[in-house]
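Each chain, written out:
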Amino acid sequence: MNVLWLVNVKIPLVYTISGEKNKTNVGGWLDQISKRFTNNSENQLCVVYPTANKNGETGQKINVKYFGIYFDQHKMNAGKLSDESVNQFVSILLEQNPDVIHIHGTEFQHSYFMTEAAKRCGMIERVVISIQGMVGYYAKHFDLGIPEKIKRRRTIREIVLNRDIETAKREYVQRGVFEKLAIENVKYVIGRTNWDLACVKLINPQIEYYFCNETLRSDFYSEEWSYEKCEKHSVFVSQASYPIKGAHLLIEAVSLVKKRFPDVKIRIAGPSLLGGNWIKGNSYSLYIQELIKRNDLNDNIIFLGSQNAQQMKENMLNANVFVSPSTIENSPNSLGEAMILAVPCVSSDVGGVMNLMCHNKEGYIYPVDETYMLAYYLIDLFENKEKAIEMGKMAKSHAMITHDLDTNYSRLVGIYGEIIGGLK
């Protein structure tokens, strides 16, 4: 089977065969599947991805090829790329002649460009798109809970770069235009939640929807959370660097939790939002700083910096509770990772979260803007050891099914086989 993947980032497999050290901590969700697929010598995998390297990147090892296509990162994030890369994609498709063209995600224009290239090559019926997030829909929830005056503020850096909260939201809208075109172009899509099913069907009612869950990073399939070993009254959050991740809403909840548990600790992976200022910072991080100061939470919120998979796992195991406070998600892998470790979890009720976790049985799910409910659930899990342990165990049982490598791999290869069979 000869399969071409278009992905948004250079995946670990490419780093391995190119001999480079992977310093990015991204793309891990495709790691196990790509290794399993290429371990079969009868399979060929070609990986195409965007790179900031102006010279592009290419290489081959045994049954894996890769092509890094240069894209201007600012234009890519803004949804303002030119379509000249379509010709590059056409050349790759004609050279590789894949049985299946699997586009992972619709968040950037190059996904649309690949569908256009496939049309030119007469290969559009070989294309299947996996839904990750959907920026066109995410834009509707991008700045939920942020006051209007904060949205309009701009630091010196944001003025110079013309990039603030409202600009970032408009970029999602712009990228969503090409996302819609990509989905309209294809016959097949792979999804995993009621939310992404609804979104793609509203765009393209005729599309054929294949269900296939995602496999997590290998680090998370071993070890299990222990109440005795965790830091009591501590919370771990996987990221907070932009408004969709809901840090501003989390802080509202933590201010209520602190009244009951003054020692509450919130540990957040990713870049710190505490160091910016009106010259070099951004409006969102300054808003987070204001909320922390206003609610006297300086000693309660800790930013950890970039974390690799092993560090994320350790942070989850050390936490009393994992929280996903996002304003929108499809099915957050971080929640799946916490669940499979049996960490007690609380998540906002957004996107496809309810397909991942059963409320009041495997964890708590709360209406996204009801931050007082998030506070209540955190307090409840802090106070009720047995409930926290039981919910964690139930979550693990569910996640072991959702994220089972063998099941998901077999399903994906089966989808490939159905697409190839439909061409004959």
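Predicted model only: the values in this text are computed from it and were never measured.

Cut-offs and rules
Residue indices follow the written sequence of each chain, beginning from 1 at its first position. Where totals are concerned, whole chains, interfaces and linings use all residues; where local detail is concerned, this predicted model gives features only for residues with pLDDT of at least 70, and gives and counts side-chain atom pairs only at 80 or more. The side-chain numbers reported here are obtained from all heavy atoms of the structure, hydrogens and water having been left aside. Helical segments are the DSSP runs of H or I of at least four residues, strand segments are the runs of E of at least two, and each set is numbered from the N terminus. Within these notes, the globule rule equals 2.2 Å times the number of residues to the 0.38 power, and the radius of gyration is based on C-alpha atoms. Accessible area is worked out with a 1.4 Å probe on protein chains only. A residue is then buried under 20% of its type maximum, exposed over 50%, and partly exposed in between. Within 6.5 Å between ring centres, the rings of Phe, Tyr and Trp (the latter by its six-membered ring) count as paired, and their orientation is classed by plane angle as stacked under 30 degrees, edge-to-face over 60, tilted in between. Charge-over-ring placement is defined geometrically: NZ (Lys) or CZ (Arg) within 6 Å of the ring centre, and within 35 degrees of the ring normal. Here, a salt bridge means any Lys or Arg side-chain nitrogen found within 4 Å of an Asp or Glu carboxyl oxygen. The pocket and cavity definitions rest on a 1 Å grid over protein atoms only: a 1.4 Å probe that fits but cannot leave marks a cavity, an open set with protein on both sides within 12 Å along at least five of seven lines marks a pocket, and residues lining either have an atom within 4 Å of a point. Grid points are joined across faces, edges and corners, and a volume is the space filled by probe spheres set on the points. Residue polarity follows a fixed list, in which Ala, Val, Leu, Ile, Met, Phe, Trp, Tyr, Cys and Pro are nonpolar, Asp, Glu, Lys and Arg are charged, and the others, Gly among them, are polar. Two strands form a pair only when DSSP identifies at least two bridges running between them. A clockwise course of the path from the first strand over the helix to the second, judged with the strands pointing away from the viewer, identifies a crossover as right-handed.

Within the chain one finds 18 helices and 14 strands. Taken over C-alpha atoms, the radius of gyration comes to 22 Å for the chain, in line with the 22 Å a tight globule of 424 residues would show. Referenced to the eigenvectors of the C-alpha coordinate spread, the extents of the chain come out at roughly 65 × 50 × 45 Å. The proportion of buried residues among the 424 residues of the chain is 58%.

Taken as a whole, this structure holds 13 aromatic pairs when the rule is applied. Their ring planes at 90° and their centres at 5.3 Å tell us that F261 and F382 sit as a pair that is edge-to-face. Here F382 lies in helix α16 (residues 371-383) and F261 lies in the loop between α11 (247-260) and β10 (265-268), a separation of 121 residues in the sequence. Across this residue pair, the class does not change: F261 and F382 are buried. Taken together, the ring pairs in this structure connect Y112, F113 and F178 into an aromatic cluster. Just above the ring of Y227 sits the side chain of K232; from NZ or CZ to the centre is 4.7 Å.

As a further point, take the pattern of salt bridges. A complete count under the given rule lists 22 salt bridges for this structure. Close ionic contact of E290 with R153 constitutes a salt bridge, the shortest N to O distance being 2.9 Å. Linking E290 in helix α12 (residues 283-294) with R153 in the loop between α7 (148-152) and α8 (156-161), this pair joins segments that are 137 residues apart in sequence. Exposure remark for E290: the relative accessible area of 28% places this residue in the partly exposed category. Notably, a salt bridge pairs R217 with E337, separated by 2.9 Å at the nearest N-O pair.

Approximately 220 Å³ is the volume attributed to the second largest pocket. Along the wall of the second largest pocket there are 15 residues; nearest its centre are Y70, F71, D72, S82 and E84. With three residues, strand β4 (residues 64-70) is the largest single contributor of residues to the lining of the second largest pocket. Each residue belonging to the lining of the second largest pocket can be placed in one class, and the counts come to four nonpolar, six polar and five charged.

Note on strand geometry: in a regular strand, side chains alternate between the two faces of the sheet. Residue alternation in strand β9 (residues 234-237) divides its side chains into two sets, S234 and F236 and V235 and V237, and both sets are buried. Strand direction decides the pairing type here: β9 and β10, joined by four bridges, are parallel. Residue V235 lies in a different strand from β10, and its bridge partner there is I266. Taken together, β9, α11 and β10 constitute a β-α-β crossover, and its handedness is right-handed. Of the pairings in the sheet, the one linking β9 to strand β12 (residues 321-324) comprises two bridges and is parallel in character. In the strand pairing of β12, F236 is matched with F322.

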